[in-house]
Amino acid sequence: MEANANYDDTKASMVEKINARRKLDNKRRVLFGYAMALFCAVLWGLWYIPGDMVWYLDPFVTMQAEITAMTGSETTSFMVFAVMITGINALLIVLTLCIWNLFMGKFSEMKRTFKEVKAADKWYFLAAACGATAVLGSFMAMGFIGAAFAAVTALMYPVVGSIVSRTWLGQKISRRAMMGIIVIVLGGITAYVSGFIDEVSSGNIPVWGFIGGIMAAVGWGFEGCFAGKALDVSEPDVGLHMRFIFETLIWWVIVIPILAIAGFPMFDYLGMIFEPTMLTVLIMLGLTFGFCYVAWYKSFPLIGVGRGQAVGSVYAIMAVVFIYMFTGANPGWLLVLGAVICVIGGGLMASEGSEEISSLRETGAVE
Amino acid sequence: MMEGRPVKFRLLEIFAEKGHLWNYEITDIMANEYKDRKSKYGQQATNWDLIELAASGFIKETDASIDENKRNGNLLIEYGLTSIGRGELERLKNTISPRGE
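Residues numbered from 1 in each chain as written. Chains lettered and ligands numbered in written order. Predicted model: local features only at pLDDT ≥ 70, side-chain atom pairs only at ≥ 80, totals over all residues.

### Some points on the pairing of strand E3 (residues 75-81) of chain B
Residues and elements named next belong to chain B. With burial as the criterion, only one face of E3 is covered, namely that bearing Leu75, Ile77, Tyr79 and Leu81; the residues Leu76, Glu78 and Gly80 on the opposite face remain uncovered. As paired elements, strand E1 (residues 21-22) and E3 share two bridges and run antiparallel to each other. Across the sheet, the residue bridging to Trp22 is Glu78, located in E3. One ladder, built from seven bridges, connects strand E2 (residues 59-66) with E3; its direction is antiparallel. If you follow Asp63 over to E3, its bridge partner there is Glu78. (Buried ≥ 20, exposed ≤ 12 C-beta atoms within 10 Å, placed from the backbone. Helix = DSSP H or I, 4+ residues; strand = E, 2+ residues; numbered from the N terminus. Pairing = 2+ DSSP bridges.)

### Some thoughts on the packing of helix H7 (residues 157-167) of chain A against helix H9 (residues 207-231) of chain A
Residues and elements named next belong to chain A. Running from amino to carboxyl end, H7 crosses H9 at an angle of 40°, the nearest separation of the two axes being 7 Å. Regarding H7 and H9, the two cross each other, and that crossing is right-handed. The residues of H9 that touch H7, namely those facing Tyr157, Val159, Val160, Gly161, Val164 and Ser165, are Ala216, Ala217, Val218, Trp220, Gly221, Phe222, Gly224, Cys225 and Gly228. Its residues placed into classes, the contact of H7 with H9 shows 10 nonpolar, five polar and no charged. (Axes fitted to C-alpha atoms, helices over the stretch in contact; angles between N-to-C directions. Left-handed = near helix turned anticlockwise from the far one by under 90°. Contact = placed C-beta atoms within 7 Å. Nonpolar A, V, L, I, M, F, W, Y, C, P; charged D, E, K, R; others polar.)

### A short note on the interface of chain B and chain A
In this assembly, 31 residues from chain B lie in contact with 30 residues from chain A. Among the secondary structure elements, those contributing two or more residues to the side of chain B that touches chain A are helix H1 (7-18), helix H3 (40-56), E2, E3 and helix H4 (83-95) of chain B. Looking at the side of chain B that touches chain A, its residues break down into 13 nonpolar, 10 polar and eight charged.

### Examining the confidence of the model for chain B
All names here are of chain B. Taken residue by residue, chain B gives an average pLDDT of 86. The fraction at 70 or more is 93%. When mean pLDDT is compared element by element in chain B, H1 scores highest at 93, while E2 scores lowest at 86. Interface scoring of the predicted complex returns ipTM 0.89; its pTM is 0.81. (pLDDT = per-residue confidence, 0-100.)

Below, the structure written as structure tokens:
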């Protein structure tokens, strides 16, 4: 009798120990996911500095001037240059990730994934196409309006991401996450109103800049979901590399050659980018965006697409702060308010307990 | 069928063939099959893949225990394949390229 009681006590204490340990492990995993999303936010915010600078550096200033003289349209010049810099951005990230995956010992898995690319090729392609749309949109918003506006307007992307990941990936979204989404939308609207007031009061309405902001939000929102699907069966660092290889192919095999055939000087200025200042800016562009993506993709399988994107949205505050620090440009109080509201929304989404996200979707029975 | 193919493909197949397995059993199997999963870092990477597969809902925890041999008492987890994991494995089997090509 006493032996049985002792056995029951030992068993109960073991179950208690396991539960405590599991809770701790789960908490650590979710915390790591959030840390990655935050790390992504800092680098993403930094990316807007070199992203904005390339517009004002040679040889690209000369290139834009040549296109303007050729077509008589500054809008066309901006758009063609936005395509060019998005293509360069993708290529730089492929190079950055080559170094990263080599350092992380992921080349064997990369080879295996390449051989079986058919298993997830449409997801890599769709993630690449949506990501490409988003980056192009962001560069358009930066070029036509300004980096701070580009950063804040893209903030609405977690809303798109959460809705699509719920309806299509079947990932769970709690009531608190839904509240966060509504707050982010309010913040996004505030930012848009701010941009609108500024531009309208200056008598200039850069429609393409506003369209770029929307492209960024919708593109990144969808990218996260397609990436989530690809990451179900691939290693995050490798999956990310594949996504950027697909994007690089879209730009350098399809879009840029078509523009070159149409007569734009797409390749004429490439040889001149090895000038030290330009090269430094481009390396910064590749490093900040490359590692921001590494961290972003790592957060998805751990905390879910919606939460990864929501925490990542702190990047807008970082961007506004960094832009102010490095360029002295005053973003305006309404834009800052919009960013703060969005980040509060992101915080709401991120504040739910780690137990609720131990599995991100309904799994069915275990065999 | 999935030997030597991407790690997550093979992991799903191992669960389908062998049923419920502890994480240390899986890391041992993968260390024997994949050169880059032999080292301590490689084994941790396999463990991480299991966590990701569980987050995706393809495998699910079926039992847990404490590793008494370790000073800090690491958590050992036993996983089993879920029905959506089985569905994903079947999809992958239909998409992979035949051997020798």
